[in-house]
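# Chains, contacts and geometry: an overview
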Amino acid sequence: MRAHFALHAEDAHARLNAQLDAPAYARWTQRWEGFLDQPPPRRASARQAAAPIKALVSRRVWKLYRRLVEEGGAIAPDGPAEPLHDLRKTAKKLRYLLELFRSLYPPEKLAPRIKALKGLQDHLGAFQDAHAQMAQLREFAEALREDGAPTSALLALGALLERRHACEQRLRKEFPGRFAKFAGGPVRRKFRRLFKAEESRA
C-alpha cells in the first residue's frame, strides 16, 4: 500500500513540474507581470470604476451572504454531496472579500463575522476532504486489486474507507446545526447592519 501511494505521489509531482516548466505557463506569467506593471488609465472606462470601493464591496458581500444562506438552506439532509461542495465555493468567495477589504470596516464588527464564516468553512472543508478521500481510496483499491495485492492490503483499505465514510456521515448529520449558527437570524441581522446599511449610506 505504501509503495503504491508513493508511486502515485511521484506521478502527481512529475505532472505538476511538467505544467510549471511548460512554455505556456511561462508566457502566462510574463503577460500577467506585464499587466501589473502597466500604469492605471487616466480615465477609467470600466463600469462603476469611479464608485466608492466600500459601497461596491458592501453590496457584493451582502449579495454573496444572501446567496450562501439560500444555497445552504436548500441542502437536503439525505441529498447528494455536490450542493455542499458548491456551498463551500460560495463561502470561499465571501471569505476572500471579507479578508481582502477588512480594513474598510471596524475590526470589532468584522472579526466575529469572519470567525463565524471560518467555522462553517472548516466544517465544509472536512466534509469535502472525507468525500474526496473516499473516492481516492476506491481508486487505490481497484489499482491494488489489478496488481494482485494481498488480501491484507485490500482489507486495510476497506477499513480506511469505512472510517472515512463514518466521518463523512457524522459531518453531514452535524451540518444543519453548524449552518444555523452562521445563517440564523442574529448573524443575518449583523451582516445586514454591517454591509447592507453601509451600502445604503455610501
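Here goes a summary of the coordinates provided. Because the structure is a prediction, the values reported are computed rather than measured. (Residues numbered from 1 in each chain as written. Predicted model: local features only at pLDDT ≥ 70, side-chain atom pairs only at ≥ 80, totals over all residues. Heavy atoms only, no water.)

### Concerning the side chain of glutamine 121
With respect to the helices and strands, the residue glutamine 121 is situated in helix 5 (residues 107–146). The contact partners of glutamine 121, leaving out residues within four places of it in the chain, are Ala91, Lys92 and Arg95. (Helix = DSSP H or I, 4+ residues; strand = E, 2+ residues; numbered from the N terminus. Contact = heavy atoms within 4.5 Å.)

### Topic: helix 3 (residues 53–73)
With 21 residues, helix 3 should cover 30 Å at 1.5 Å per step; its first-to-last C-alpha distance of 30 Å lies within 8% of that length. Turning to helix 3, its buried residues number three or more, namely Ala55, Val57, Ser58, Val61, Trp62, Leu64, Tyr65, Leu68, Val69 and Gly72. (Expected span 1.5 Å × (residues − 1). Buried < 20%, exposed > 50% of the residue type's maximum accessible area, 1.4 Å probe, protein only.)

### Regarding a nonpolar patch on the surface
Taken together, the side chains of Leu16, Leu20, Tyr25, Trp28, Trp32, Phe35 and Leu36 define a hydrophobic patch exposed on the protein surface, amounting to about 750 Å² of accessible area. Breaking the nonpolar patch down by element, the ones donating at least two residues are helix 1 (2–21) and helix 2 (23–37). The topology assignment puts tryptophan 32 in helix 2. (Patch = residues over 30% accessible without salt bridge, like charges linked within 9 Å, V, L, I, M, F, W, Y side chains within 5 Å. Areas by Shrake-Rupley, 256 points an atom, 1.4 Å probe, with all protein chains shown as cover. Salt bridge = Lys/Arg side-chain N within 4 Å of Asp/Glu carboxyl O.)

### Section: the nonpolar core
General note: in soluble globular proteins, nonpolar side chains tend to be found buried as a group. Counting residues in each nonpolar core, the largest one holds 33 residues, and the members touching the most others are Leu68, Leu94 and Phe195. For this core, the secondary-structure elements that each account for two or more residues are helix 3, helix 4 (82–100), helix 5, helix 6 (151–183) and helix 7 (185–201). (Core = buried A, V, L, I, M, F, W, Y, C linked by side-chain atoms within 4.5 Å.)

### Digging into the packing of helix 1 against helix 5
Packing of helix 1 against helix 5 leaves a shortest axis separation of 11 Å and a crossing angle of 115°. With respect to helix 5, the element helix 1 is oriented roughly perpendicular. Both helix 1 and helix 5 take part in a crossing whose hand is right-handed. Residues His4, Phe5 and His8 of helix 1 pack against Gln136, Phe140, Ala143 and Leu144 of helix 5. (Axes fitted to C-alpha atoms, helices over the stretch in contact; angles between N-to-C directions. Parallel < 35°, antiparallel > 145°, perpendicular 65-115°, else oblique. Left-handed = near helix turned anticlockwise from the far one by under 90°.)

### Examining the packing of helix 3 against helix 4
One way to put it is that helix 3 packs onto helix 4 with a least axis distance of 10 Å and a crossing angle of 160°. Comparing their axes, helix 4 and helix 3 come out roughly antiparallel. For the element pair helix 3 and helix 4, the recorded crossing hand is left-handed. Residues Arg60, Val61, Leu64, Tyr65, Arg67, Leu68, Glu71 and Gly72 of helix 3 form the contact with helix 4, whose own contacting residues are Asp86, Leu87, Thr90, Ala91, Lys93, Leu94, Leu97 and Leu98. Here the contact of helix 3 with helix 4 is composed, by residue class, of nine nonpolar, two polar and five charged. (Nonpolar A, V, L, I, M, F, W, Y, C, P; charged D, E, K, R; others polar.)

### Describing the pattern of salt bridges
A full pass over the atoms with the stated rule returns seven salt bridges. Glutamate 99 is the salt-bridge partner of arginine 102, the closest N and O atoms lying 2.5 Å from each other. Since its relative accessible area comes to 39%, arginine 102 is described here as partly exposed. On the basis of relative accessible area, glutamate 99 is assigned to the partly exposed category, the value being 29%. Each of the salt bridges in this network shares a partner with another, and the network as a whole consists of Arg95, Glu99 and Arg102.

### Some words on the environment of lysine 118
Mapped onto the fold, lysine 118 is located in helix 5. Residues lysine 118 and arginine 172, spaced 54 residues apart in sequence, show a C-alpha to C-alpha distance of 17 Å.

### Points about a positive patch on the surface
Positive charge collects at one region of the surface, where Arg60, Lys63, Arg66, Lys89, Lys92, Lys93, Arg188, Arg192 and Lys196 lie side by side. Position of lysine 63 relative to the elements: it lies in helix 3. (Lys, Arg positive; Asp, Glu negative; His and termini not counted. Charge placed at Lys NZ, Arg CZ, Asp CG, Glu CD.)

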